[in-house]
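Chains, contacts and geometry: an overview
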Amino acid sequence: MTKRKMFLRMITASLLRRRSRMLIALLSIGIGATILAGLVTIYVDVPRQMGAQFRSYGANMLILPREGETLTRADLDETLQAIPREELVGAAPYRYVRLDMTSRQQSFTAAGTDFAGVTQTSPYFSVEGAYPAQTRELLVGKEIAETIGVKVGSTMELTWQPTAAASELSPEESRVPGASLSGSAEGFGGGMVYVTAALNEDAAIDSLTVDVSTQTAEYGGRIPEDETFLAQFTGKTLPLTLGEDVDALSGATVTSGAIVDALNRAVQAAAPAKPRTVIFTVTGILTTGGEEEGYVFLSLQDMESMTGSDRLDVVELSVSAGADQLQTYADAVTGSGGKAQARLVKRVTRSEASVLEKLTALVFLVTLVVLLLTMICVSTTMMAVVSERRREIGLRKALGASDSSIRAEFLGEGLFLGLLGGVMGAVLGFVFAQAVSVNVFGSSITFQPLLLPAAILVSMAIAALSCLLPIRRAVAIDPALVLKGE
Amino acid sequence: MTVKAEGVSRRYFRKTGTANYFDAVQPVSLEIAPGGMTVLTGRSGSGKTTLLNMLSGLLVPTGGKVWYDDTDLYALDDRALSRLRSERTGVVPQGRSAVDTLTVLENILLPARLYQRELPVEAAVRWMEKLGIAPLRDARPAELSGGELRRMAIVRALAQAPDVLFADEPTGDLDDENTRLVLSAFRDFAHEEKKAVFMVTHENDALLYADRVLRMDHGQVTS
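Residues numbered from 1 in each chain as written. Chains lettered and ligands numbered in written order. Predicted model: local features only at pLDDT ≥ 70, side-chain atom pairs only at ≥ 80, totals over all residues. Heavy atoms only, no water.

Residue and element names in this part refer to chain A. Counting through the fold element by element, Thr72 comes out in strand β2 (residues 71–72). For the pair Thr72 and Arg311, spaced 239 residues apart in sequence, the C-alpha separation works out to 4.4 Å. Sequence-distant contacts of Thr72, defined by excluding residues within four places in its chain, comprise Asp310, Arg311 and Leu312. (Helix = DSSP H or I, 4+ residues; strand = E, 2+ residues; numbered from the N terminus. Contact = heavy atoms within 4.5 Å.)

Structure below.
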């Protein structure tokens, strides 16, 4: 038998002989390591977990049109590229207008939105009935519902009164008989294309002149001479679609498109907007405890067809990211030079950061206390073991064992306990973290491969530290006194 | 190897009548040469065990020096002292001295194993046979009687073939026959293997086997 084998045998024998004591020490290290590993796992996972949880507090970022710009749904898709898909919990675009309920002499703030987005950005919205699923359906704030006495299933006739903003008219309403229109649009290479058209009594195009002097002579510049192309427009009603109502001049697609755009804009600008009335069916009553209870909500499609515009006033975003990351995304959106700018909802992001901070401190504190308790428990147990083994230790010293060999043996025992406890802790800790995660956060976590060596290392370190005092005791045993006889 | 004590003394600090201290061993000078058996006798509390412990390197004297040949024993650090003691001395302590998790043979081989020396199995078996505990080699200490444990401790000391064997009351719990067995084993060890035996005892029989007898009274060695 080699010395090492004997050393191992002495340790294991000593552990086995003091089974109950060692079980207590092992349990305390194991439980300590379990809680440690569990907390660390949760701690590592918590920002992700909580990030998703926090989203129930509502949107944490707003996208607004830049000063002097109009934001449309198409612009929004482009803007959202700045935020990674997997972190974007939801996006709810809003367009606010006043709608009148003439039958009651009332007028309300109406919000056109995408209800699928709303359920994600504002999960706290409580709807009696259901969210509108199709057009001509309405979600009514509780306050309004109580004031005018509507219920789920009632109908409401709402009217949009155009203001001076003529561009908000639906295109099919914009035929103006006998008018003369002029407009412009960007053509090939950024040069402007100008059109002037005269309409007949049926609001169809009577004659058309174009100014394409900014376009390339051999391509777009040919248009004024090409009578076949220009003749296509005569007798057509605006607005037009390139490729359906008129064909592009081959080799000058961009310029052709610009002429169509310029005409469409001109007719919109010239058209006096008309009020539009739609009869909605109320599908749900909204309770939020906030100002939303004083609004009615309709789909963006309805909003667009009533006002003739797809512009957006604000987009609420719910992004699963920490405050710093969120600021980065906002800066990316604002800095991209598009039509949008982004702002953080400080109230939400700040409270998130402070909750995370407190949680971190709590985890740290609990970990510290657990480690301390573990150390006390292991230390006490080892102390008792040293007391029990006084005679044996004294004997071994009498037979020539040096202090360092005694030290090594107890340290070996401690490290062995630490190893077992660490393995136990890593495994149970993961189970513990998983249970907490599933029960508290409702999602499972992934095993951190680093956890196993880390848990083992920490528990071995704790066990070794706990053994320091008992080892000092063991080394201090005086063989002469211990072996004096019984 | 010769063990030499030079004015070795041990003073304990405690209230004893008028003084604040108690001299367990008054300054003693003596020499233990190879090839002989020295017996130290005296009344209980006369300082025998204290002197033995100081000579065997287990107890630091408060005065004087202990030399193992040219080595000042207590000038060594713990590691060197432990090694020297393990290589040069065998100790039979008072009382029960066994590691319960090891078998009798393993207990006997323990001192050699502590330093990874070659295991003196042959010597161990030979001494076990001589002292009549050969059949117990694989037994556990818990299964042994007091006398058997005592003989195990003696074999443990002898099997290492130390230069000096220190034995503290080695025959205390042995019957007459076994006492004689042990005493003759000690004498043979000293004479045949040219080693030194230093033994503390009350046993009058021991004096018959001794080459030299020292008496101790009130901390003083008298002869």
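After that view, the rundown keeps rolling.
So, about the packing of aromatic side chains. Residues and elements named next belong to chain A. Under the definition given, this model contains 9 aromatic pairs over all chains. Measuring from ring centre to ring centre gives 5.8 Å for Phe115 and Tyr131, while their planes differ by 45 degrees; the resulting arrangement is tilted. Residue Phe115 is located in helix α4 (residues 115–121), and its partner Tyr131 is located in the loop between β5 (126–129) and β6 (137–141); the two are separated by 16 residues in the primary sequence. With 6.4 Å between their ring centres and 65 degrees between their planes, Phe125 and Phe297 make a pair best called edge-to-face. (Phe/Tyr/Trp six-rings, centres within 6.5 Å; stacked < 30°, edge-to-face > 60°.)

It is worth spelling out the domain arrangement of chain A at this point. Considered domain by domain, chain A is made up of domain 1 (3–53 + 352–482), domain 2 (59–167 + 274–344) and domain 3 (175–270). Placing the centre of domain 2 of chain A and that of domain 3 of chain A at their C-alpha centroids yields a distance of 35 Å. (Domains from an automatic or database assignment.)

For the rest of this paragraph, the subject is the packing of helix α3 (residues 104–114) of chain B against helix α4 (residues 121–130) of chain B. Between two packed helices, what matters for the description is the angle formed by their axes and the separation of those axes. Residues and elements named next belong to chain B. Where α3 meets α4, the axes come as close as 10 Å, and the angle between the chain directions of the two elements is 125 degrees. The pairing of α3 with α4 is recorded here as oblique in orientation. The interaxial crossing formed by α3 with α4 has right-handed handedness. Contacts between α3 and α4 involve Val104, Leu105, Ile108 and Leu109 on the former and, on the latter, Val121, Ala124 and Met128. Per-class residue counts for the contact of α3 with α4 are 7 nonpolar, no polar and no charged. (Axes fitted to C-alpha atoms, helices over the stretch in contact; angles between N-to-C directions. Parallel < 35°, antiparallel > 145°, perpendicular 65-115°, else oblique. Left-handed = near helix turned anticlockwise from the far one by under 90°. Nonpolar A, V, L, I, M, F, W, Y, C, P; charged D, E, K, R; others polar.)

Further remarks concern the interface of chain A and chain B. Every contact between the two is made by 26 residues of chain A and, on the other side, 28 residues of chain B. Across the interface of chain A and chain B, roughly 2500 Å² is buried in total on both sides, 60% from carbon and sulfur atoms. In this assembly, chain A and chain B are joined by 0 salt bridges. Taken together, the connections running from chain A to chain B amount to 6 residue pairs in polar contact (both at pLDDT 80 or more). Looking at the side of chain A that touches chain B, the elements with two or more residues in it are α1 (3–17), α11 (390–398), α12 (403–441) and α14 (479–482) of chain A. For the side of chain A that touches chain B, a count of residues per class yields 11 nonpolar, 4 polar and 11 charged. (Buried area = accessible area lost by both parts, 1.4 Å probe. Salt bridge = Lys/Arg side-chain N within 4 Å of Asp/Glu carboxyl O. Polar contact = N/O pair within 3.5 Å; in protein donor to acceptor, adjacent residues only side chain to side chain.)

Looking now at the nonpolar core. Membership of the largest hydrophobic core comes to 39 residues, with the highest contact counts inside it found for Met37, Ile108, Met152, Leu165, Phe186, Val197 and Met199 of chain B. Among the elements of the structure, β3 (37–42), α3, α4, α5 (146–159), β7 (164–168), α6 (176–192), β8 (196–200) and α7 (204–209) of chain B are those that each provide at least two residues to this core. Those residues in contact with Val197 of chain B that lie beyond four places of it in its chain are Gly36, Met37, Thr38, Leu165, Phe186, Phe189 and Ala190 of chain B. Val386, Leu399, Ala401 and Ile477 of chain A belong to the second-largest nonpolar core, a separate cluster that totals 31 residues. (Core = buried A, V, L, I, M, F, W, Y, C linked by side-chain atoms within 4.5 Å. Buried < 20%, exposed > 50% of the residue type's maximum accessible area, 1.4 Å probe, protein only.)

This next bit is on the sheet that holds strand β8 (residues 180–186) of chain A. All names here are of chain A. Reading across the sheet, the 3 strands line up as β8-β9-β10 and stay open at both edges, with antiparallel pairing between neighbours. Edge strands, defined here as strands with exactly one partner in the open sheet, are β8 and β10 (205–211). Averaged over all adjacent pairs, the angle separating strand axes in this sheet is 20 degrees, with direction ignored. Bridge analysis of strand β9 (residues 192–199) against β10 gives 6 bridges, and the strand direction is antiparallel. Residue pairing across strands places Tyr194 opposite Asp211, the latter belonging to β10. (Pairing = 2+ DSSP bridges.)

Before going further, it helps to spend a moment on the pattern of salt bridges. Residue and element names in this part refer to chain A. Using the criterion set out here, one finds 19 salt bridges over all chains in the structure. Of the charged contacts in the structure, one is a salt bridge between Arg73 and Glu304, with a shortest N-O distance of 3.5 Å. Placement of Arg73 in helix α3 (residues 73–79) and of Glu304 in helix α8 (residues 300–307) is noted, with a sequence separation of 231 residues between them. Judged by relative accessible area, which is 31%, Arg73 ranks as partly exposed. The exposure class of Glu304 is partly exposed, given its relative accessible area of 25%. Ionic pairing is found between Glu409 and Arg389, a salt bridge with its closest N-O pair at 2.6 Å. Taken together, the positions of Glu409 in helix α12 and Arg389 in the loop between α10 (346–388) and α11 put the pair 20 residues apart, joining distant regions of the chain. Each member of the pair, Glu409 together with Arg389, is buried. A cluster of three or more residues bridged by salt bridges with shared partners is formed by Arg389, Glu392, Arg396, Glu409 and Glu413.

A separate point is α8 of chain A. An α-helix turns once every 3.6 residues. As a result, residues three or four positions apart point the same way. All names here are of chain A. Those residues of α8 that sit buried are Leu300, Asp302, Met303, Met306 and Thr307. On an axial view of α8, the arc spanned by its buried residues comes to 160 degrees, and they lie on one face. Just downstream of α8, Gly308 is the residue with a positive phi angle, here 70 degrees. (Arc of directions from axis to C-beta.)

On to a nonpolar patch on the surface, then. All names here are of chain A. Residues Phe416, Leu419, Leu420, Val423, Val427, Val431, Phe447 and Leu452 make up a contiguous nonpolar surface patch of roughly 620 Å² in combined accessible area. The biggest single contributor to the nonpolar patch is α12, with 6 residues. According to the relative accessible area criterion, Leu419 is partly exposed, its value standing at 34%. (Patch = residues over 30% accessible without salt bridge, like charges linked within 9 Å, V, L, I, M, F, W, Y side chains within 5 Å. Areas by Shrake-Rupley, 256 points an atom, 1.4 Å probe, with all protein chains shown as cover.)

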